[in-house]
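Structural characterization, general
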Amino acid sequence: MTQTKMRARYGVGIWGLVAIAFGLVFFLGGGAATYADDSMRMGIAAAILAAGFIGYLSMIYLTREKSRGKALISDERDLEIARQANETALVAVLVFIFAVCIALFLGYETAGSLPVGWMWFLAYATSCFGLLAQSIATLVLHREMSGNG
């Protein structure tokens, strides 16, 4: 397994768990209407996201090329896969933000105001979604570009 594919698999696991945990904290505690007033939920959500970034950076460090020991498997496709996955993830994030913003506009247009909790949701969810989209795109592209599946 290449370093790119290994990192993508771990990335899906890390950011999938972070997204689920954040979603539970955000929506089970009253949603956007009460999120900004609940410092406990805000702290838990921040800790979840921080744990995700710490886990992700640790995974990057642990899967780096080591000076001694076993060499990492890498081939010429990895750079192309990474480039295409990053482009795909960027487009996915732009579509995600656009769709959420339009949905929020349509949902709260008549009310004339938007609960500030939705801005927290958009910020945190974009972080999770962007890194998750990049990892998923990497795995899909790796499967498509490999001759043996």
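Below is a summary of the structure that appears in this document. Values in this document were obtained by computation on a predicted structure and should not be read as measured data. (Residues numbered from 1 in each chain as written. Predicted model: local features only at pLDDT ≥ 70, side-chain atom pairs only at ≥ 80, totals over all residues. Heavy atoms only, no water.)

1. Things to note about the overall build of the protein
Put simply, the test is: The secondary structure listing takes helices from DSSP runs of H or I that are at least 4 residues long and strands from runs of E that are at least 2 residues long, numbered from the N terminus. A simple rule labels every residue: compare its accessible area, found with a 1.4 Å probe on the protein chains alone, to the largest value its type can have, and call it buried under 20%, exposed over 50%, or partly exposed in between. The contact criterion used is simple: two residues touch if any of their non-hydrogen atoms lie within 4.5 Å. Under this rule, positive means Lys or Arg and negative means Asp or Glu; His and the chain ends count for nothing. Lysine's charge is taken at NZ, arginine's at CZ, aspartate's at CG and glutamate's at CD.
For the protein, the count of helices and strands is five helices and zero strands. Secondary structure of the protein in N-to-C order comes out as α-α-α-α-α. Overall, the C-alpha framework of the protein stretches about 60 × 30 × 20 Å when taken along its three principal axes. Counting the 149 residues in the protein, one finds 34% classified as buried. Considering only residue pairs separated by 6 or more positions, the protein has 79% of its internal contacts joining residues 24 or more positions apart. Averaging the locations of the 11 positively and 10 negatively charged side chains of the protein gives two centres separated by 12 Å.

2. Re the packing of helix H4 (residues 77–108) against helix H5 (residues 117–145)
The relative placement of two packed helices is expressed as an angle between their axes plus a distance between the axes. Under the convention used in this document: Axis lines are fitted to C-alpha atoms, over the contacting stretch for helices. Their N-to-C directions set the angle, which ranges from 0 to 180 degrees. Crossing handedness is defined as follows: a turn of the near helix away from the far one that is anticlockwise and smaller than a right angle gives a left-handed crossing, while the clockwise case is right-handed. For this scheme, ten residues count as nonpolar: Ala, Val, Leu, Ile, Met, Phe, Trp, Tyr, Cys and Pro. Four count as charged, namely Asp, Glu, Lys and Arg, and the remainder, Gly too, count as polar.
The geometry of H4 relative to H5 is characterised by a closest axis approach of 7 Å and an angle of 145 degrees between their N-to-C directions. The handedness of the crossing between H4 and H5 is right-handed. Residues that form the contact of H4 with H5 fall into these classes: 20 nonpolar, eight polar and three charged.

3. Brief notes about a nonpolar patch on the surface
For clarity, the threshold we go by: A residue counts toward a patch only above 30% relative accessible area and without a salt bridge, and it is joined to like-charged neighbours within 9 Å or, for Val, Leu, Ile, Met, Phe, Trp and Tyr, to nonpolar neighbours within 5 Å. Exposure was quantified through the Shrake-Rupley algorithm and a 1.4 Å probe, taking into account, for residues, occlusion by the shown protein chains and nothing else. Salt bridge criterion: a side-chain nitrogen from Lys or Arg within 4 Å of a carboxyl oxygen from Asp or Glu.
Where nonpolar side chains cluster on the molecular surface, the patch consists of Phe98, Ile102, Phe105 and Leu106 and spans about 440 Å² of accessible area. Relative to the helices and strands, Phe105 resides in helix H4. With relative accessibility at 48%, the residue Phe105 sits in the partly exposed group.

4. Quick notes on the pattern of salt bridges
A complete count under the given rule lists three salt bridges for this structure. Where Arg41 meets Asp38, a salt bridge forms, and the shortest distance between an N and an O atom there is 4.0 Å. The exposure class assigned to Arg41 is buried, which follows from its relative accessible area of 7%. Residue Arg83 pairs with Glu80 through a salt bridge whose shortest N-O separation is 2.5 Å. A residue pair is termed a helical-turn pair when its members lie 3 or 4 positions apart in one helix, as Arg83 and Glu80 do in helix H4 at three residues. Where salt bridges share partners, they join Glu80, Arg83 and Glu87 into one cluster.

5. Focus: the environment of Ala46
Mapping Ala46 onto the fold places it in helix H3 (residues 39–62). The spatial distance from the C-alpha of Ala46 to the C-alpha of Ala137 is 26 Å, given a sequence separation of 91 residues.

6. Details of the side chain of Lys5
The topology assignment puts Lys5 in helix H1 (residues 3–28). No salt bridge is formed by the buried Lys5, whose closest oppositely charged neighbour, Asp78, lies at an N-O distance of 9.6 Å. In this structure Lys5 touches Leu139 and His142, once residues within four positions along its chain are discounted.

7. Some thoughts on the packing of aromatic side chains
Condition: The aromatic pairing rule takes the rings of Phe, Tyr and Trp, using the six-membered ring of Trp, and pairs them if the centres are within 6.5 Å, calling planes under 30 degrees apart stacked, those over 60 edge-to-face and the rest tilted.
Tallied over the entire structure, the rule returns 15 aromatic pairs. Taking 5.5 Å as the distance between ring centres and 85 degrees as the angle between the ring planes, the aromatic pair formed by Trp118 and Phe121 counts as edge-to-face. Taken together, the residues Trp118 and Phe121, both in helix H5 and three residues apart, mark about one turn of the helix. Aromatic ring contacts, followed pair by pair, group Phe22, Phe26, Phe27, Tyr35, Trp118, Trp120, Phe121 and Tyr124 into a single cluster.

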